[in-house]
Structures are given as structure tokens and as C-alpha cells.
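# Notes for the structure review
These are the residues of each chain, in order.
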Amino acid sequence: MEQQEITTPGPVLDQKGAIAPGYSRRAVRTYRRAEIRAPFYRIKEWDFYQASDGEKCIQFTYGHASYAGQVGVMLFDFQKGERIADISRLLALPFGRLHLPESAEEDSDVRYEKNGMLLRFKTQGDTRYLSFVTQDFEAELTLMRKNPNSIVVNVPFAESPTAFYYNQKINCMSACGYAKYKDKTYYFGEDAFGLLDWGRGVWPFHNEWYWSNGTGLLGDKLFGFNLGMGFGDTRAATENCLFYAGGFSKLGRVHFLLDKTDYMRPWLLRDEEGRLDLTLKPSYDRTTRTKALWVNNCCHQMFGRFYGTAVWEDGTVLHIDGLPAFAEHAVNNW
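Read on for a plain summary of the structure. None of these values were measured; they are calculated from a predicted model.

## Focus: the overall build of the protein chain
Counting its secondary structure elements, the protein chain contains zero helices and 24 strands. Taking 20 Å as the expected radius of gyration for a compact globule of 334 residues, we find that the protein chain reaches 19 Å, a close match to that expectation. C-alpha atoms of the protein chain, sized along the principal axes, occupy 55 × 45 × 45 Å. Residues counted as buried form 57% of the 334 residues belonging to the protein chain. Look at the contacts in the protein chain between residues 6 or more apart in sequence, and 57% of them connect residues 24 or more apart. Averaging the coordinates of the 39 positive side-chain charges in the protein chain and doing the same for the 41 negative ones gives two points 4 Å apart.

## Quick word on the pairing of strand 13 (residues 160-181)
In this sheet, strand 13 lies alongside strand 11 (residues 137-145) in antiparallel orientation, the contact comprising nine bridges. Within the sheet, the bridge partner assigned to Leu143 lies in strand 13 and is Ala175. With nine bridges joining them, strand 13 and strand 15 (residues 193-202) adopt antiparallel strand pairing. Pairing of Asn167 across the sheet is with Gly199, part of strand 15. Across five bridges, the pairing between strand 13 and strand 14 (residues 184-188) is antiparallel. Within strand 14, the residue paired with Lys180 across the bridge is Thr185.

## Remarks on the pattern of salt bridges
Tallying each qualifying case throughout the model produces 18 salt bridges. In this structure, Arg33 and Glu45 form a salt bridge, with 2.6 Å as the shortest nitrogen-oxygen distance. Taken together, the positions of Arg33 in the loop between strand 3 (29-30) and strand 4 (43-52) and Glu45 in strand 4 put the pair 12 residues apart, joining distant regions of the chain. Members of the salt-bridge network, linked through shared partners, are Arg32, Arg33, Glu45 and Glu102.

## A closer look at the packing of aromatic side chains
Two measures describe an aromatic ring pair: the distance that separates the ring centres and the angle between the ring planes. According to the stated counting rule, one finds 29 aromatic pairs in the structure shown. Grouping aromatic residues by their ring pairs yields a cluster made of Trp46, Phe157, Tyr165, Trp203, Trp209 and Phe231. Lying across the ring of Trp211, Lys169 places its NZ or CZ 4.9 Å from the centre. Over the face of the ring belonging to Phe231 we find Lys169, whose NZ or CZ atom lies 5.2 Å from the ring centre.

## Comments concerning the nonpolar core
Of all hydrophobic cores here, the largest spans 82 residues; its most connected members are Ile58, Phe60, Tyr62, Leu75, Phe132 and Phe137. In terms of residue count, strand 13 provides more of this core than any other element does, 10 residues in total. Apart from residues lying up to four places away in sequence, Phe132 is in contact with Phe60, Val71, Gly72, Val73, Ile87, Met117, Leu118, Leu119, Phe137, Glu138 and Ala139. In this structure, Leu218, Phe225, Phe306 and Leu318 belong to the second largest nonpolar core, which totals 25 residues.

## Some words on the environment of Leu100
Along the chain, Leu100 falls in the loop between strand 7 (82-92) and strand 8 (108-114). With a relative accessible area of 3%, Leu100 lands in the buried category. In contact with Leu100, not counting residues within four places along its chain, are Arg33, Glu45, Trp46, Asp47, Tyr62, Gly63, His64, Val110 and Arg200.

## Focus on unusual backbone geometry
Glycine aside, the phi torsion of most residues is negative, and most peptide linkages are trans. Of note in this structure, Leu93 is not a glycine but carries a positive phi near 50°. Its location among the elements puts Leu93 in the loop between strand 7 and strand 8. Residue Leu93 is classed as partly exposed on the basis of its relative accessible area, which comes to 41%. Here the phi dihedral of Cys172 falls at roughly 55°; this positive angle occurs in a residue that is not glycine. By the secondary structure assignment, Cys172 is in strand 13.

The rules behind the values
- Residues numbered from 1 in each chain as written.
- Predicted model: local features only at pLDDT ≥ 70, side-chain atom pairs only at ≥ 80, totals over all residues.
- Heavy atoms only, no water.
- Helix = DSSP H or I, 4+ residues; strand = E, 2+ residues; numbered from the N terminus.
- Rg over C-alpha atoms; globule rule 2.2 N^0.38 Å.
- Buried < 20%, exposed > 50% of the residue type's maximum accessible area, 1.4 Å probe, protein only.
- Contact = heavy atoms within 4.5 Å.
- Lys, Arg positive; Asp, Glu negative; His and termini not counted.
- Charge placed at Lys NZ, Arg CZ, Asp CG, Glu CD.
- Pairing = 2+ DSSP bridges.
- Salt bridge = Lys/Arg side-chain N within 4 Å of Asp/Glu carboxyl O.
- Phe/Tyr/Trp six-rings, centres within 6.5 Å; stacked < 30°, edge-to-face > 60°.
- Lys NZ or Arg CZ within 6 Å of the ring centre and 35° of its normal.
- Core = buried A, V, L, I, M, F, W, Y, C linked by side-chain atoms within 4.5 Å.

Structure below.
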């Protein structure tokens, strides 16, 4: 599969509001909300952060589908299969009022503070400060980027020339801090890693996707992967890639093989070039369902451990043996 790597600066969208498809390792192109030519009520933007270690995970969500938004945090133990805290607030008709940044890499300070709830995402260089405070819950985490590469995709949709997905996922961040809920404190330390899923775009009303992401140590070297399918027209570029020892290796199409009648059964992730052979053995189904106004979304995010092999572009075989990570299946009407 021939993929188009974007290396020259320029706008994400042209004068007609169409996206030039491809991928990059950093945010080469410039996103401007004002350049979108689709109806304002179709715009979707989100910042999603996650920090996890071998047993627990915390997730921060702030975003909108124009006519419905969400701000929240979730803390759970995926080894025991226990949800510890799930605090979320739906935001009716937020449209552009969340003031989400137009770059995932430039310094920014995102804040939501209302009715006893505070969420803050502050970016300074390669460091990100995350905080969330409300009744009975508080969290403070620091994420530090350890690999200069990320995966950025510029993806069109066949349904409309002005529909697009501009997304950056940053793996391989160290994570440290704590979350406190009802007088019990949960610490994230040297075995915890962070993830940013930064999305901007105009999506069709109905969409179905698969996504998997993980970071951990292989020996003394930091390894990560990002895998997905269903995110629009990926003929020019997929979001599939490997991160290892500060480097980046691109993959083509990846297939997710699973039993949708029993998500707890093993998932098989395979690419079309024979470079990826991973099996997820789930321990926890972090199911989320959202129904508000016209939004009707359901996602099974399966946490567990990955086993198998991934082949670097120079032929080096990387052996994955029990790496804690997730894979998900989402069906969205939004």
C-alpha cells in the first residue's frame, strides 16, 4: 500500500474546505477552524488524555460534536475489572464555546470551570499538565513526551468533499501523579505512560471504527503502537505505526478480528504485509454509551494485555509479551 507522507507546511484545508490526504510524524499542516466549509453543526473537536500502568487507568475527556459536548474523567482498575470513578457532564449546544486549541503541539492552556467542576489541560513544550477537581474527586498528572514522533493523519470521507478528520495521536509519554476519590489515593509512577488523542473534523452522521493503542517497555527501550480502521478514506494513509527507541515505523492496513457477541474473547490484530501479529487478551470492558439530543454512541474499549510480534522496517522482530494496552470498537451516530 502506497502512503503519502506530508512533509511540507501549509493549511490542513484548501480554499474549498477539502483536505489533502496523507500522514505526518508531527503537526506539519496548520488547522484553522475558520477554514471549515461544512455546516457548523457538523464540526467535531476533542482532546482525550489517558494515563495507565499495569493495573489502572485514568482518562480525561473534553470535546464536542457541536450540538453536544462532554467534560469528564474516568478512573478504573482493569486488572480487577472495577470502575472506581466516572464523573461526566454533558454540555448542551456548546458549538464553538469550548475554545479548544487549533494545534496539539503548540503551547496552550485549556480550562473548563463551572458549577464546582474544574478541568485543565496545560501544554508547555513537551510537558503536559492535567488536572480535574470536583466534589469527592481530584487528580493531578504530568505527561512528558519521550519520542519526537507521533502519528498525524489527514483523512477525507467519501460522503462529502468537505468532511474530514485531522487527528494527532501522541504515544510514548511518561506519566506521573495521582487521583484521589473518596479519601483513597491512586498513584501513577515510573511504570505509567500517557497518550493524547487530539481530533478535529467534520464527520458523517454514522460511523464505525476500531482503534488500538499502547505504550510500554521492551527490555529497556520504550515501545508504542497506534492501530486503527474505519476512520474515513485511508487509501492515501492509515494511522497505523510503531514507535521504538525514539524512532517511527509506518504500517499499512490493519485488520481487527474479534467476536462481537463476546468482546471478552481474544482479539487478533493483523496487518496485510505480515509485519504485525498481535493478540489482545482482555480483562476489562470499559463500555460507554452516550445518548443526548441526536447523539447515540456506543464504544467497547477492551483493556488487557497484548502478546505477539511486530516487525520494524529494517526487519528487526520486536517481541511483545504481556504489554498492558487496549483495543476498541465504536459505533457512532453523531
